[in-house]
Amino acid sequence: MYKDALQGISLGAVYFGGGTSNLYKEAKYFELMELVRELFPKIPDYVDITLEGIPQLFTREKIKAIRDSGMNRISMGVQQVNERLNSLSGRKQKTQHVIQTLEWAREFNLAANVDLIFGWPQQTVDTMIEDLEKVVSWGVYDITHYELNVGGPTDFALNRYHELPSTLSNLEMYRASRDLLMSHGYQQVTAYNWRKPGDPNSRRYEEGVTHRFDSMDTLGLGYAAL
């Protein structure tokens, strides 16, 4: 539908998001990339092509297919490393799912971003710091650490609103996480994106490449897209 409008435009980045893009079977990643190549036949090596997913849905076969299809980064919506806190959202994710996926990403030379959320029900500064320390210890170069946004008739809004940290507590979490990440050599790239230099598989990355809105048009396709 957009092919004619995009003629002659250079590609800056691709992001397959939504949190569950890794529900696809292996063959679908190749189909997705063929759609991209129909619009942009020549994709420069520096272009960041990211697929987002949740840890427990990645497999070694999927990671290999993601790499072989031409994608070069995964973004994991971990939310909480703390398994008890994560279970409050109904997830059955285990810490080992995150560690294993990071190992597969390194095996196939994929960059990997980890998304964490602060301001979670029953979360404290101490539990947040513990999660961040673990992710840092796993050698993750890119961390997105953003504030929980509760809205609509969700379980958190309807049943756990009283368990959410206060606004002042969230501000304390933001400052504590900033100080911790900076002490480990991470640089703040956007309000919520942190990068530690030295990743051998990395390209310039921030989720949604928000820092480039002034110099690059963004096209979002699909439900809740940009």
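Residues numbered from 1 in each chain as written. Predicted model: local features only at pLDDT ≥ 70, side-chain atom pairs only at ≥ 80, totals over all residues. Heavy atoms only, no water.

J.: Teacher, can you tell me more about the nonpolar core here?
T.: Across soluble globular proteins, nonpolar side chains have a tendency to be buried as a group. With 43 residues, the main nonpolar core has Phe16, Met71 and Ile143 as its most contacted residues. Filtering out sequence-adjacent residues up to four positions away, Ile143 remains in contact with Asn113, Val114, Leu116, Leu132, Val135, Val136, Leu181, Tyr186, Tyr192, Asn193 and Trp194. Counting residues in each nonpolar core, the second largest holds seven residues, with Leu85, Leu88, Ile117 and Trp120 among its members. (Core = buried A, V, L, I, M, F, W, Y, C linked by side-chain atoms within 4.5 Å. Buried < 20%, exposed > 50% of the residue type's maximum accessible area, 1.4 Å probe, protein only. Contact = heavy atoms within 4.5 Å.)

J.: What is the right way to read the pairing of strand E1 (residues 13-16) from this model?
T.: The side chains of a regular strand alternate between the sheet's two faces. Taking every second residue as pointing to the same face, the buried face of E1 carries Val14 and Phe16, while none of Ala13 and Tyr15 on the other face is buried. With four bridges connecting them, E1 and strand E2 (residues 48-53) associate as parallel partners. For Phe16, the partnering residue across the bridge sits in E2 and is Leu51. This β-α-β element, E1 to helix H1 (residues 26-39) to E2, shows right-handed connectivity. (Helix = DSSP H or I, 4+ residues; strand = E, 2+ residues; numbered from the N terminus. Pairing = 2+ DSSP bridges. Right-handed = clockwise from strand over helix to strand, strands pointing away.)

J.: Would you mind going over the pairing of E2 with me for this structure?
T.: Across the six residues that make up E2, a large majority, six, are buried. Alternating positions in E2 separate into two faces, Asp48, Thr50 and Glu52 on one and Ile49, Leu51 and Gly53 on the other, with burial throughout. Pairing analysis gives four bridges linking E2 to strand E3 (residues 73-79), with the strands arranged parallel. Its bridge partner being in E3, Glu52 is matched across the sheet by Ser75. Assessed by its sense of winding, the connection that carries the chain from E2 through helix H2 (residues 60-69) to E3 is right-handed.

J.: Is there a simple way to think about a nonpolar patch on the surface in this case?
T.: A contiguous nonpolar patch, built from Met1, Tyr2, Leu219 and Leu221 and spanning about 510 Å² of accessible area, is present on the exposed surface. Structurally, Leu221 is set in the segment after strand E7 (193-195). (Patch = residues over 30% accessible without salt bridge, like charges linked within 9 Å, V, L, I, M, F, W, Y side chains within 5 Å. Areas by Shrake-Rupley, 256 points an atom, 1.4 Å probe, with all protein chains shown as cover. Salt bridge = Lys/Arg side-chain N within 4 Å of Asp/Glu carboxyl O.)

J.: How should the pattern of salt bridges be read in this particular structure?
T.: A full pass over the atoms with the stated rule returns 13 salt bridges. A salt bridge links Glu31 to Lys28; its shortest N-O distance comes to 3.4 Å. Of the two residues, Glu31 and Lys28 are both situated in helix H1; the distance of three residues between them amounts to about one turn of the helix. Here Glu31 falls in the partly exposed class, since its relative accessible area comes to 44%. Exposure remark for Lys28: the relative accessible area of 38% places this residue in the partly exposed category. Taken together, the shared-partner salt bridges connect Asp48, Arg73, Asp142 and Arg195 into one network.

J.: Honestly, the environment of Asp217 in this entry has me stumped. Any pointers?
T.: Turning to its location among the elements, Asp217 is positioned in the segment after E7. Judged by relative accessible area, which is 76%, Asp217 ranks as exposed. Sequence spacing of Asp217 and Ile9 is 208 residues, and the spatial spacing of their C-alpha atoms is 9.8 Å.

J.: I would appreciate a short explanation of the packing of aromatic side chains in the present structure.
T.: Given two aromatic rings, their pairing is described by the distance between the two centres and the angle made by the two planes. Within this structure, the stated rule accounts for five aromatic pairs. When the centroid spacing of 6.1 Å and the interplanar angle of 55° are considered together, the rings of Phe118 and Tyr174 count as tilted. On the criterion of sequence distance, the pair formed by Phe118 in strand E4 (residues 111-118) and Tyr174 in helix H7 (residues 167-183) is long-range, its members being 56 residues apart. The exposure class assigned to Phe118 is buried, which follows from its relative accessible area of 1%. (Phe/Tyr/Trp six-rings, centres within 6.5 Å; stacked < 30°, edge-to-face > 60°.)

Distances and angles like these do not, on their own, reveal function.
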